[in-house]
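Reading the structure
So the chains spell out like this:
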Amino acid sequence: MAARSQLLRTVYNGQQVRKLHELKRNERPGVARLREVLEDRLQEIKKAKTWKHERVLTSPQDTKVKLKGAKGDFLNFCANNYLGLSNHPEVVEAACEGLKKYGAGLSSVRFICGTQTIHKELEERLAQFHGREDTILYGSCFDANAGLFESMLTPEDAVFSDALNHASIIDGIRLCKAQKFRYPHRDLNELEHLLAHSEARLKLIVTDGVFSMDGTVAPIKGLRNLADKYRALLAVDDSHATGFFGETGRGTEEYCGVMGAADIICSTLGKAVSGAAGGYTTGPKELVTLLRNVSRPYLFSNAPPPPVVAASLKALDLVEHSGELRQRLRENTRAFRTGLKSAGLTVAGDDHPICPVMVGDAPLAVELAAGMLERGIYVVAFSYPVVPKGGARVRVQLSAAHTQEDVKCAVDAFTEVARNVGIVKS
């Protein structure tokens, strides 16, 4: 381990001044300066109370997990494991078989020697699942979004993005040279104004299907109507909907009663579908073909590992052939939302398993999450800049793997802790 420069902090007239105290023999001056600059930034993050504490799991992802440094099991209410497939025995077995048959990885990008039969099989299955012409796999949905806009849009085109879209959409749009417009969250009137005044060659509306911090659902029908009216395209990131939202798990457009509304869907294999990793874009064949030829995250990243692909194929089998998990998830969601409302707590969102328990004050949200952890419920508080100022919350995520007893335990704990910290008056 490289020797580390030590920083001496002295105080003059109430001002904190940091001086380089000692330069270790093996420490380069540039690295020492980097440490000094980054220490200031890290202290700013801590002062702003936005420091990210990573708890370490010593067990598989499941409804009950073990945390490093803590005794006993914790009920897990903060994972994206919507259908409980992350540690499902059939999914695990499929991953093991994929590892044995195809190896740990391809050591290559797809167009050189990184495509196997299972990659093509999964792409075909996903296209069929969504009712689209073709699909392209990525290492993550973040990569899918990062590779979409730059590939298909030019300065002649325009993209219209919801203000609360996921960071991957924001970053993907930044990479492209199209005209960029942001409309207020789910505001169809402002979006129409922007579309009406645009003379772009291609107009692309892009939205999250379900917004991850709020559990709110995009107005897909209204967006489709505007797209048709102004000859625009509609792209939906359906990461928090694929596999479990809608009657058959086809996502936000099915939930909203407008199947086929999206021209392009980007989604993930790292949440409801296996919970492992991977993402994809599905839509018109010409677009997918273009992405295979010019999309940088696809061309310059290794192919998804065979065990991940095999696990996703098995998870897709489970998603397609059984509605029991989705029904259980809907029941758990209703029970949780009803229970917290009866306790006097506010849960945001639109009947989605993402259930943000709204607090407002950031330190109070942290106190609520800490109290839940003490009672064996694993949840996490979110505050600015992850969510707007004054919008601090504890985000809860339900799973089909939770039992009714698990849900009741969480509701009772929230009720008790919320009273103890003063969020709800006794």
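As a starting point, this report considers the structure included with it. Just so it is clear, the model here is predicted, and its values are computed rather than measured. (Residues numbered from 1 in each chain as written. Predicted model: local features only at pLDDT ≥ 70, side-chain atom pairs only at ≥ 80, totals over all residues. Heavy atoms only, no water.)

Turning next to unusual backbone geometry. Positive phi is not limited to glycine here, since Ser107 has a value of about 55 degrees. For Ser107, the position within the fold is in the loop between helix H2 (89-102) and helix H3 (110-114). Classification of Ser107 by relative accessible area gives exposed; the value is 69%. For Asp351, which is not glycine, the phi dihedral falls at a positive 55 degrees. (Helix = DSSP H or I, 4+ residues; strand = E, 2+ residues; numbered from the N terminus. Buried < 20%, exposed > 50% of the residue type's maximum accessible area, 1.4 Å probe, protein only.)

Scanning the model with the defined rule gives six aromatic pairs in all. Summarising the aromatic geometry, the rings of Phe244 and Phe245 are spaced 6.2 Å apart at their centres and angled 50 degrees between planes, so their arrangement reads as tilted. Phe245 carries the same exposure label as Phe244, and that label is buried. Through pairs of rings, three or more aromatic residues link up here, namely Tyr82, Phe244, Phe245 and Tyr255. Over the ring of Trp51 we find Lys46; its NZ or CZ atom is 4.7 Å from the centre of that ring. Over the aromatic face of Tyr384 sits the side chain of Lys389, whose NZ or CZ is 4.9 Å from the ring centroid. (Phe/Tyr/Trp six-rings, centres within 6.5 Å; stacked < 30°, edge-to-face > 60°. Lys NZ or Arg CZ within 6 Å of the ring centre and 35° of its normal.)

Further remarks concern the sheet that holds strand S3 (residues 64-65). Read across the sheet, three strands follow the order S3-S4-S15 without closing on themselves; strand pairing throughout is mixed. Two strands close off the open sheet at either side, each with one partner strand: S3 and strand S15 (377-378). Bridge count for strand S4 (residues 74-76) against S15 is two bridges, and the pairing is parallel. Paired with Asn76 across the strands is Tyr378, a residue of S15. (Pairing = 2+ DSSP bridges.)

The geometry of helix H7 (residues 188-196) relative to helix H8 (residues 220-229) is characterised by a closest axis approach of 11 Å and an angle of 15 degrees between their N-to-C directions. For the element pair H7 / H8, the angle class is roughly parallel. Note that H7 runs across H8; the crossing there is right-handed. Of the residues in H8, those touching H7 at Leu188, Leu191, Glu192 and Leu195 are Gly222, Leu223, Leu226 and Lys229. (Axes fitted to C-alpha atoms, helices over the stretch in contact; angles between N-to-C directions. Parallel < 35°, antiparallel > 145°, perpendicular 65-115°, else oblique. Left-handed = near helix turned anticlockwise from the far one by under 90°. Contact = heavy atoms within 4.5 Å.)

Turning to the pattern of salt bridges, a few remarks are in order. Enumeration over the complete set of coordinates arrives at 25 salt bridges. A salt bridge links Arg201 to Glu156; the nearest nitrogen and oxygen atoms lie 3.9 Å apart. With Arg201 in the loop between H7 and strand S8 (203-208) and Glu156 in the loop between helix H5 (141-152) and strand S6 (158-162), this pair connects stretches of sequence that are 45 residues apart. In this structure Arg201 comes out as partly exposed when scored by relative accessible area, which is 47%. Through salt bridges that share partners, Arg125, Arg250, Lys314, Asp317 and Glu320 make up one connected network. (Salt bridge = Lys/Arg side-chain N within 4 Å of Asp/Glu carboxyl O.)

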